[in-house]
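As a plain string of letters, each chain reads:
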Amino acid sequence: MQLAMNDVLRKPALLSITDDVLYLEDRRKSELKSIVIPARFLPNIQAALSEIEYCLWQERNAKALAQSAAEVDDLSAVEDVGHVL
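Since the structure is predicted, the reported quantities are computational estimates derived from the model, not experimental observations.

**Q** Is there a simple way to explain the sheet that holds strand S3 (residues 31–36) in this structure?
**A** Strand pairs in the sheet, formed through backbone hydrogen bonds, run parallel or antiparallel to each other. Taken together, the three strands give an open sheet; going across it, the order is S1-S2-S3, and neighbouring strands pair in mixed fashion. Edge positions in the sheet fall to strand S1 (2–4) and S3, since each has one partner strand and no second. Adjacent strand axes in the sheet meet at a mean angle of 30°, parallel and antiparallel pairs treated alike. Summarising the sheet, strand S2 (residues 22–26) and S3 pair through five bridges and their orientation is antiparallel. Paired with Leu-22 across the bridge in S3 is Val-36.

**Q** Help me out: how do you make sense of the pairing of S2 in this one?
**A** A regular strand carries its side chains on alternate faces of the sheet. For S2, the buried fraction is high: four of the five residues fall into the buried class. Where S1 meets S2, three bridges bridge the pair, whose relative direction is parallel. Bridge pairing in S2 places Ala-4 opposite Glu-25. Here S2 folds back onto S3, and the loop between the two strands holds four residues, one of which, Ser-30, carries a positive phi near 55°.

**Q** So what exactly am I meant to see when it comes to a nonpolar patch on the surface here?
**A** Taken together, the side chains of Tyr-23, Leu-32, Ile-35 and Ile-37 make up a nonpolar region of the molecular surface, amounting to roughly 350 Å² of accessible area. Mapped onto the secondary structure, Ile-35 falls in strand S3.

Calculation criteria
- Residues numbered from 1 in each chain as written.
- Predicted model: local features only at pLDDT ≥ 70, side-chain atom pairs only at ≥ 80, totals over all residues.
- Heavy atoms only, no water.
- Pairing = 2+ DSSP bridges.
- Helix = DSSP H or I, 4+ residues; strand = E, 2+ residues; numbered from the N terminus.
- Axes fitted to C-alpha atoms, helices over the stretch in contact; angles between N-to-C directions.
- Buried < 20%, exposed > 50% of the residue type's maximum accessible area, 1.4 Å probe, protein only.
- Patch = residues over 30% accessible without salt bridge, like charges linked within 9 Å, V, L, I, M, F, W, Y side chains within 5 Å.
- Areas by Shrake-Rupley, 256 points an atom, 1.4 Å probe, with all protein chains shown as cover.
- Salt bridge = Lys/Arg side-chain N within 4 Å of Asp/Glu carboxyl O.

In structure tokens:
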């Protein structure tokens, strides 16, 4: 079932009264914004949700992950062997 974002803003109960998958669309821009899946399907999609949450975590932490990878690259125990400080 497709709904416009405005429909949901006017009647939020639309999200809870249906057992269908809802596609929320911004009709002005003609783009899909969200997909709402009923909670009864949670066991069926748990693995996919875990993967999605991990991808979102990576996006949020991309800068820190890149910085820590660069710091690890700067550390080289092999180069330091035999050097007197």
